[in-house]
Amino acid sequence: VQPRHDLVIRHATVVSDGVAATADIAVANGRIANVGTLTGEAAATEVDASDLVAIPGVVEMHAHLREPGLTHKEDVATGTRAAACGGVTTVCDMPNTLPPVATERAFREKAEAIGGSCWVDVGLWAGGTKPDELRGMRRAGAIGVKVYMVSGPGFEPLYTGDIPTLESVLAVAKETHWLVAAHVGDDNLAAAERQGLIAAGRNDARAFLALQHGDASLTGLRRYLDTARRVDVPVHVAHLSIFGVEALETVRRARAAGATVTTEACIPALGSRDLDRLGIYALASAMEDRDVEIWWRAIADGEIDAIATDHAPHTRAEKAPGERDIWAAPPGHPALQTTLPLAYDAVLTGRWSIESLVDAMASRPARLLGLHSKGRIAVGADADIALLDPNGSWTVDQAELESKVGWSPFDGRTLRGRVHSTYLRGRLVARAGEIVAEHPTGYVLARRD
Ligand code: DOR
Ligand code: ZN
C-alpha cells in the first residue's frame, strides 16, 4: 500500500490562529495536507506527539547572519543551524553584511551565494540608502527594506541620516507595498549625548542604556513616525524595546493619533542583575527589572507585533575593548537558538499564553513579511513545525550552541520546557538541540506579493 502522506504527527496540542486543540497533522510534499482527527491516514513516518505542543516554526524578522563579509563571527550555515535547533524555521537576515546590501546587484549576489547553506528558510532584507536601487531589490524578492537612521559599528555604509532620503525610501515602500523597518535614532544628538556621558565619567553598561533610551533615539523615532505620516505609509520599528519605555509611550501616542505602525521587541530576558554581571555581553537587549515587567505586559497584551531575536553575534575579541571603554563594544549577542526556549519558559511560568507566543513569533511576522505560506498550522501552509515539550527542561550551555561565537548571555540558565524537534517543510531538521538532517534544505525566500 502506498502511504498517503510523508509524515503524520499524532495527538499533538496544535496551536495556530489563536486556538490550541488536540489534533493530528498530516504532511505531503512539504505542505500541511490535513489537520484534525485523522483516523485512516497512513504515512511513511508517524510521530506520536501525545505529550507535545505543535506550533508553527518561528518566523524571525530580524537577525544578523554575517554572510558575506563577516563570517569570522557567523555565517548562514551556523546561524541557520542555531535557528533550527531553536525552533526557528524562517530567518530574515539584515542587510549590514559586506558588501552592504544596498544595490540590486549586491542583493542578487548575496542570495545566490548563500543558496546552498540554509538549514532553514532565509529571507533577505534590502538596505534603504539608494532609492534608485530599491525597486530592483523588491523585484529580486527582498522581504522588506531596512533603514538605519543611525550609523554604528558595522552599519555605517547603510546610514540614512537625511529626511529626504528617508522620504524617498518610504515612498517606494508605499508604492510597492513593501515592509519598511527602521533602526531609529539621530546621530548628531547621540554624539552630543555620548559626549555628555563621557564628560560625566560614565563608562558602564548603564551609560550605554541611558544613551539608547535617550533623546536621540526618541527624536529619531518621532521623526520616523512623522515622516511616515506625511508619506502616508505603514511603517515598522525594529527592536523598539532597546529604546526604553518612553519609546513604547511614543508609539502608543502615535497610534492613538492614527499612525499605522508595527513594532518588534526582543524577549525581555536580561534584567538588572544581568547588566551588572554581564555588562557589554548583555547589550543591547538588557534592561532594568522594572522595564522588563513593562515590556512583558506589552508583549502579553499583543501590543507588540513581533518578538525579534536581533541575533547579532560578535566575537569575544570584538567585545573585549568594551571592558575598558563601553563605547568601544559592538552591541548585540547571539539569540536565535535561545529566544523560543526563553519565550516558552515564560509561557510555562505564566507570563503569557502559548497562543500569544505563536501570534508574535510566527503568525504576525509572517504576515508583515508577506510570507503567506508561513506562520500557521493549516491546510496548504508549509509544514514548518516546532514541537515543544512542556515537561522537559533545558540548561543553556554556551559551548553547545551552534553559533560561531561560542558565548551566550543566557549561559547557565535552566529553562522550563524545551524545543523537542523542528521540521522544515515536513523534514526533521533538529531534535533535542542537535541537527539531525544530513544536508541543508532551506530556501532563500522571495517576497512575491
Ligand atoms: O545591537 C545591534 N547589533 N544593533 C544593530 O542595529 C546592529 C547589530 C549588529 O549588526 O551587530
Ligand atoms: Zn539588528
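For the structure given in this document, a descriptive report is provided here. (Residues numbered from 1 in each chain as written. Chains lettered and ligands numbered in written order. Predicted model: local features only at pLDDT ≥ 70, side-chain atom pairs only at ≥ 80, totals over all residues. Heavy atoms only, no water.)

1. Considering the coordination of the zinc ion (ligand 2)
What counts is decided by this rule: Distances define the donors: N, O and S atoms within 2.8 Å of the metal qualify, as do those within 3.2 Å of Na, K or Ca. Water is excluded, so some sites may look unfinished. Secondary structure counts use DSSP, requiring at least four H or I residues in a row for a helix and at least two E residues in a row for a strand, with both numbered from the N terminus. When a residue's accessible area, from a 1.4 Å probe over protein chains only, is under 20% of the maximum for its type it is buried; when over 50% it is exposed; and in between it is partly exposed.
Those protein atoms acting as donors to the zinc ion (ligand 2) are His62 (NE2), His64 (NE2) and Asp310 (OD), and they sit at 2.0 to 2.3 Å. The sequence motif formed by the donor residues of the zinc ion (ligand 2) is H-x1-H-x245-D. Here His64, found in the loop between β6 (58–63) and α1 (76–85), pairs with Asp310, found in the loop between β13 (306–307) and α11 (316–319); they are 246 residues apart in sequence, far enough to count as distant. In terms of burial, His64 and Asp310 fall into one category: buried.

2. Topic: the nonpolar core
What counts is decided by this rule: By nonpolar core we mean a set of buried residues, namely Ala, Val, Leu, Ile, Met, Phe, Trp, Tyr and Cys, connected to one another through side-chain atoms within 4.5 Å. Here, residues are in contact when the closest pair of their heavy atoms is within 4.5 Å.
Counting residues in hydrophobic clusters, the biggest one holds 117 residues, and the most contacted among them are Ile55, Tyr224, Trp352 and Leu357. In terms of residues, this core owes the most to one element, helix α7 (residues 215–231), which gives 7 residues. With near-sequence residues (within four places) excluded, Ile55 lies in contact with Val15, Leu340, Ile354, Leu357, Val358, Ile377, Asp384, Ile385, Ala386 and Leu388. Counting residues in hydrophobic clusters, the runner-up holds 19 residues, among them Met94, Leu179, Leu369 and Leu445.

3. Structural notes on the site of ligand 1
What counts is decided by this rule: What makes a residue near a molecule or strand is one non-hydrogen atom of that residue sitting within 4 Å of it. Counting of polar contacts relies on pairs of N or O atoms within 3.5 Å, with two restrictions inside protein: one atom must be capable of donating a hydrogen and the other of accepting it, and residues adjacent in sequence are counted only when both atoms are side-chain atoms. Every accessible area reported is derived by Shrake-Rupley at a probe size of 1.4 Å, with residue values counting cover from the shown protein chains alone. The classification used treats Ala, Val, Leu, Ile, Met, Phe, Trp, Tyr, Cys and Pro as nonpolar, Asp, Glu, Lys and Arg as charged, and all other residues, Gly among them, as polar.
Every residue lining ligand 1 is accounted for by His64, Arg66, Asn96, Phe155, His183, His239, Ala284, Ala312, His314, Pro331 and Gly332. In the environment of ligand 1, an oxygen atom lies 2.8 Å from a nitrogen or oxygen atom belonging to the side chain of Arg66. Backbone polar atom of Pro331 to a nitrogen atom of ligand 1: 3.1 Å apart, as the coordinates give it. Surface burial for ligand 1 is 97%, taken as the share of its 290 Å² of free accessible area covered by protein chains. The residue makeup of the shell around ligand 1, split by class, is 4 nonpolar, 6 polar and 1 charged.

4. What to know about the side chain of Glu402
Checked against the element boundaries, Glu402 lands in the loop between β14 (385–395) and β15 (414–424). Within the structure, Glu402 has its side chain in polar contact with the side chain of Arg81 (distance 3.1 Å).

5. With respect to the pairing of strand β9 (residues 144–148)
Test applied: Strand pairing follows a simple DSSP-based rule, namely that at least 2 bridges must link the two strands. Crossover handedness is defined by viewing with both strands directed away from the observer: a clockwise path from the first strand over the helix to the second marks the crossover as right-handed.
For β9, the buried fraction is high: 5 of the 5 residues fall into the buried class. Neither face of β9 is exposed, since Gly144, Lys146 and Tyr148 on one face and Val145 and Val147 on the opposite face are all buried. Note: strand β8 (residues 121–127) against β9, 3 bridges, orientation parallel. Residue Ala126 lies in a different strand from β9, and its bridge partner there is Val145. One crossover worth recording links β8 to the parallel β9 by way of helix α3 (residues 131–139), and it is right-handed. Handedness of the β-α-β unit built from β9, helix α4 (residues 163–176) and strand β10 (residues 180–183) comes out right-handed.

6. Regarding helix α8 (residues 245–256)
The test is simple: A helix is expected to span 1.5 Å for every residue after the first.
The end-to-end C-alpha distance of α8 is 17 Å, a good match for the 16 Å that 12 residues give at a rise of 1.5 Å each. Among the residues making up α8, those that are buried are Val245, Ala247, Leu248, Thr250, Val251 and Ala254. Residues of α8 that are buried make contact with α7, β12 (261–265) and α10 (289–300). Two residues or fewer past α8, Gly258 is found with a positive phi of approximately 105°.

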